[in-house]
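So you can see what is in the structure, the chains are spelled out below.
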Amino acid sequence: MKTLKVLLVTALVMPLMTSCLDDDNTASGFSGLGITVPYANSTNGYITFAALGDWHITQTTGNDWCAISAMQGDGNMMYGLPMTFTQNRTGVARIANFQLVDNNKSDVYVNFMVSQYATRGDGTFGAAPLVKTVTGDDGSLIAVTYDEHCLPQTLTMTKGETTLHDMKIFYSETDSLFSVILDGRKLQGSYNDAFQPTTLLSETDTVGYREQLNLGDLYAFNFEERHAGGEYKAQSLLLSDNWSFAPDREHTADSLSYARRYANGTKYVEKLKLSYSENDNRYQSLDVNQLLLGIDECSPYLLLSLYKYARNSKIISEAETGDKKYMVETSLNADRSVNTMTVTDKQGNKVTYTFTY
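What this report covers is the structure whose coordinates are included nearby. Please read all numbers here as calculations on a predicted model, not as lab measurements.

## What to know about the overall build of the chain
Working step 1: Scanning the chain for helices and strands turns up one helix and 26 strands.
Working step 2: Overall, the C-alpha framework of the chain stretches about 85 × 45 × 40 Å when taken along its three principal axes.
Working step 3: By residue count, 48% of the 357 residues in the chain fall in the buried class.
Working step 4: Within the chain, contacts between residues separated by at least 24 positions form 53% of all contacts whose residues are at least 6 apart in sequence.
Working step 5: For the chain, the exposed surface amounts to about 16300 Å²; the carbon and sulfur share of it is 50%.

## As for the packing of aromatic side chains
Working step 1: Applying the stated rule across the entire model yields 23 aromatic pairs.
Working step 2: With centroids separated by 6.5 Å and ring planes inclined at 70°, the aromatic side chains of Tyr 301 and Tyr 307 adopt a geometry described as edge-to-face.
Working step 3: Accessibility expressed as a relative area gives 1% for Tyr 301, which makes it buried.
Working step 4: An aromatic cluster is defined as three or more aromatic residues linked by ring pairs; in this entry it consists of Tyr 209, Tyr 219, Phe 221, Phe 223, Trp 243, Phe 245, Tyr 301, Tyr 307 and Tyr 309.
Working step 5: The ring of Tyr 232 is capped by Arg 226, whose NZ or CZ atom sits 5.0 Å from the centre of that ring.

## Thoughts on the environment of Tyr 109
Working step 1: Within the secondary structure, Tyr 109 is located in strand β10 (residues 109-116).
Working step 2: By relative accessible area, which is 40% here, Tyr 109 ends up partly exposed.
Working step 3: With 33 residues separating them in the primary sequence, Tyr 109 and Asn 76 have C-alpha atoms 16 Å apart.
Working step 4: Not counting residues up to four positions away in its chain, the partners in contact with Tyr 109 are Phe 30, Gln 99, Leu 100 and Val 101.

## Observations concerning the pairing of strand β4 (residues 44-51)
If a strand is regular, its side chains alternate between the two faces of the sheet.
Working step 1: As judged from the four bridges shared by strand β3 (residues 30-35) and β4, these two strands associate in the antiparallel manner. Along β4, the bridge assignment pairs Ser 31 with Ala 50.
Working step 2: In the sheet, β4 pairs with strand β8 (residues 77-85) via eight bridges, with the strands oriented antiparallel. Bridged to Ala 50 within β8 is Met 78.

## Some words on unusual backbone geometry
Working step 1: In this structure, Phe 195 takes a positive phi of about 65° despite not being glycine.
Working step 2: Tracing the sequence through the fold places Phe 195 in the loop between β16 (185-190) and β17 (200-201).
Working step 3: Phi at Arg 336 takes a positive value of approximately 75°, unusual for a residue other than glycine.
Working step 4: Taking relative accessible area as the criterion, Arg 336 reaches 41% and is therefore assigned partly exposed.

Parameters at a glance
Residues numbered from 1 in each chain as written. Predicted model: local features only at pLDDT ≥ 70, side-chain atom pairs only at ≥ 80, totals over all residues. Heavy atoms only, no water. Helix = DSSP H or I, 4+ residues; strand = E, 2+ residues; numbered from the N terminus. Buried < 20%, exposed > 50% of the residue type's maximum accessible area, 1.4 Å probe, protein only. Contact = heavy atoms within 4.5 Å. Areas by Shrake-Rupley, 256 points an atom, 1.4 Å probe, with all protein chains shown as cover. Phe/Tyr/Trp six-rings, centres within 6.5 Å; stacked < 30°, edge-to-face > 60°. Lys NZ or Arg CZ within 6 Å of the ring centre and 35° of its normal. Pairing = 2+ DSSP bridges.

So, in structure tokens, the structure goes:
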């Protein structure tokens, strides 16, 4: 993928300045300033504005990572100027400061800033290493490839000689079309400025979010994969106490319900109360919490954080179901990414996963 279409997000809208005439009857002023807010893995954006008079832009900070394609222009024009960014691997949000000045009247100007999130569109930190493989001592193997924007391109999940999932992902270069081929089935939707897909559809399949409950401090939603013949896989998450899905903000679900109906009609259901360790789940590309129930129940969509709101920001330590528990232990690398993860299920069986980057 050579370029990505950037969907404009209006981050800063200036009030319409009254056009005025100086002694030379020259119009001046600006209106409608709109700025892309880039994620940590975004490298392209736009600034838009209307200029009544000839203008120029000066940049005071952020020259090392942010640039506007044109720094001067003529008046009586609408502008949509491309911007370029480097990927933000600092671990914190950053700001570049600019001033847009009318050449005819130096006291007519707009100070504005371009901010870039600390996190990528999938919720991971901009410097989070990309997981290439996950090897389980139960014979499982996960392999992932990515593009230059840290977006997943392919994923395979096997256990022994059995291929569980084979996924290929495509982001259109000319529009916001998102396509995925999973196990031979093609689904399509669109993607937003976070490179996250909307609901994905085919003639027989539907994949996406469904809101369950919204009472302010209490919020519940489903992530659902539904297929022909009644086969489905769904996670229901409940959040409370000042939850937020805003970029760079943490969120953790109080509980998780998992339900699956297999092609043969049998069902598997787990209702889990979640507890978390202090280890942050945003320091590697994959959502390691998705391995809690084993690779057989792991959703490729959620493992890759294609639907990031289902990704808890902390790594689960315990998941209680009735009088039994799933237990999780992790060891970390120096950069805080996961090195190994051992899951003990409610029957006492253990699986250790080893991550390579």
